[in-house]
Each structure stands twice: as C-alpha cells, then as structure tokens.
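What follows is the residue order along each chain.
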Amino acid sequence: MKTDNIILTKTFEFSLSIVQLYSPLFENKEYVLSKQLLRSATSICANVEEAIAGQSRKDSISKMIIASKEARESLYWLRLLQKSQLVKHDFTSYLNQAEEIVRIITAIVKSSQLS
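Rules used in this analysis
- Residues numbered from 1 in each chain as written.
- Predicted model: local features only at pLDDT ≥ 70, side-chain atom pairs only at ≥ 80, totals over all residues.
- Heavy atoms only, no water.
- Helix = DSSP H or I, 4+ residues; strand = E, 2+ residues; numbered from the N terminus.
- Rg over C-alpha atoms; globule rule 2.2 N^0.38 Å.
- Buried < 20%, exposed > 50% of the residue type's maximum accessible area, 1.4 Å probe, protein only.
- Contact = heavy atoms within 4.5 Å.
- Areas by Shrake-Rupley, 256 points an atom, 1.4 Å probe, with all protein chains shown as cover.
- Lys, Arg positive; Asp, Glu negative; His and termini not counted.
- Charge placed at Lys NZ, Arg CZ, Asp CG, Glu CD.
- Core = buried A, V, L, I, M, F, W, Y, C linked by side-chain atoms within 4.5 Å.
- Expected span 1.5 Å × (residues − 1).
- Salt bridge = Lys/Arg side-chain N within 4 Å of Asp/Glu carboxyl O.
- Axes fitted to C-alpha atoms, helices over the stretch in contact; angles between N-to-C directions.
- Parallel < 35°, antiparallel > 145°, perpendicular 65-115°, else oblique.
- Left-handed = near helix turned anticlockwise from the far one by under 90°.

Moving on, we get to the overall build of the protein. Helices and strands together make up the secondary structure of the protein, namely 4 helices and 0 strands. What you see in the protein, going N to C, is helices and strands ordered as α-α-α-α. Its C-alpha radius of gyration of 15 Å places the protein within 12% of the 13 Å reference for a compact globule of 115 residues. In terms of principal-axis extent, the alpha carbons of the protein reach across some 45 × 25 × 20 Å. Scored against the burial criterion, the 115 residues of the protein give a buried share of 40%. The long-range share in the protein, meaning contacts at least 24 apart out of those at least 6 apart in sequence, stands at 69%. A total of about 6,800 Å² of accessible surface is found on the protein, and carbon and sulfur atoms cover 54% of it. If you average the places of the 15 positive and of the 12 negative side-chain charges in the protein, the two averages end up 6 Å apart.

Counting residues in hydrophobic clusters, the biggest one holds 31 residues, and the most contacted among them are Phe14, Ile18, Leu37, Leu78, Phe91 and Ile105. When residues of this core are traced back to their parent elements, those giving at least two are helix 1 (6-27), helix 2 (32-52), helix 3 (57-84) and helix 4 (92-114). When residues of this core are assigned to their parent elements, the largest contribution, 8 residues, is made by helix 2. Apart from the residues lying within four places of it in its own chain, the contact partners of Leu78 are Phe14, Ile18, Leu37, Phe91, Tyr94, Leu95 and Ala98.

We now examine helix 3. Taking 1.5 Å as the rise per residue, helix 3 with 28 residues should run 40 Å; its terminal C-alpha atoms sit 41 Å apart, in good agreement. All buried positions along helix 3 are accounted for by Ser60, Ile61, Met64, Ala67, Ser68, Glu70, Ala71, Ser74, Leu75, Trp77, Leu78 and Leu81. Contacts from the buried residues of helix 3 go to helix 1, helix 2 and helix 4.

Notably, Lys29 is not glycine yet its phi reads approximately 65°, a positive angle. Looking at the secondary structure, you find Lys29 in the loop between helix 1 and helix 2. Residues other than glycine seldom take positive phi values, yet Gln85 does so here, at roughly 55°. The topology assignment puts Gln85 in the loop between helix 3 and helix 4.

Attention shifts here to helix 4. The end-to-end C-alpha separation of helix 4 is 33 Å, in line with the 33 Å expected for 23 residues at 1.5 Å each. Here helix 4 has its buried residues at Tyr94, Leu95, Ala98, Ile101, Val102, Ile105, Thr106 and Val109. On its buried side, helix 4 packs onto helix 1, helix 2 and helix 3.

Taken as a whole, this structure holds 2 salt bridges when the rule is applied. Between Glu100 and Lys10 there is a salt bridge, and its shortest N-O distance comes to 3.3 Å. Of this pair, Glu100 sits in helix 4 while Lys10 sits in helix 1, and the two are 90 residues apart along the sequence. The class of Glu100 is partly exposed, set by a relative accessible area of 29%. In this structure, Glu50 and Lys63 form a salt bridge, with 3.1 Å as the shortest nitrogen-oxygen distance. Here Lys63 lies in helix 3 and Glu50 lies in helix 2, a separation of 13 residues in the sequence.

The geometry of helix 3 relative to helix 4 is characterised by a closest axis approach of 9 Å and an angle of 155° between their N-to-C directions. Here helix 3 lies roughly antiparallel to helix 4, going by the angle between them. You can see that helix 3 and helix 4 cross each other, and the crossing is left-handed.

Written out as structure tokens, the structure reads:
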C-alpha cells in the first residue's frame, strides 16, 4: 500500500479498525447495525482506491464523492451504536477517525472541483 497518500492510509486504517470492531459487536448479538457499519466503513477505502485509479478526473471526483457518502454513513451507524447503547462500548475513537476522514475527503472533493 502506498504510504505517501494520507487519505488512503487513514481510510485503510479505519477500515481495519472497523473490521476488528465487528467481531465483538457480533459476539454481543448486534447483527444489523454492525453489518451496516462494516459495509459502509470498508467501502470508503475501496472508493478512495478507485478514485486514485480513476479513468478521468471526473471519474476520480465521482469516486471520492461516493467515499464521502460512505464515510458519512459510517458516522451515522457509529452514532447510532453509541447512543442506543445496544452494546456497551466506547465508540469515541471510531467517531473521531470517521469525522477526520469526512473532513479530508470533503476538502479533496472541493479542491478538485475548483481546479
């Protein structure tokens, strides 16, 4: 994996942390929200990877916009898990990671659309 691409590194690390979070959630019989979170969180990095390899500038921006939507969806599932307290777990670090990713991707999309 490229180590010089900050958003690629951050989204991969976030995906990995959510994959590791999934097991304890599943073991605590939280099946629905955890699966939704797993899907949206791992999709972020996949779309960033696709954006990097985009066929055109427009394609790359489109993939980054999808990554942004997936990051926002992940934030939603994390907030829902935290507030519902279906599983006793501290989701603060995951929420912070997701918020940072949303900010970075938003900045990338805005700057890409301006140039």
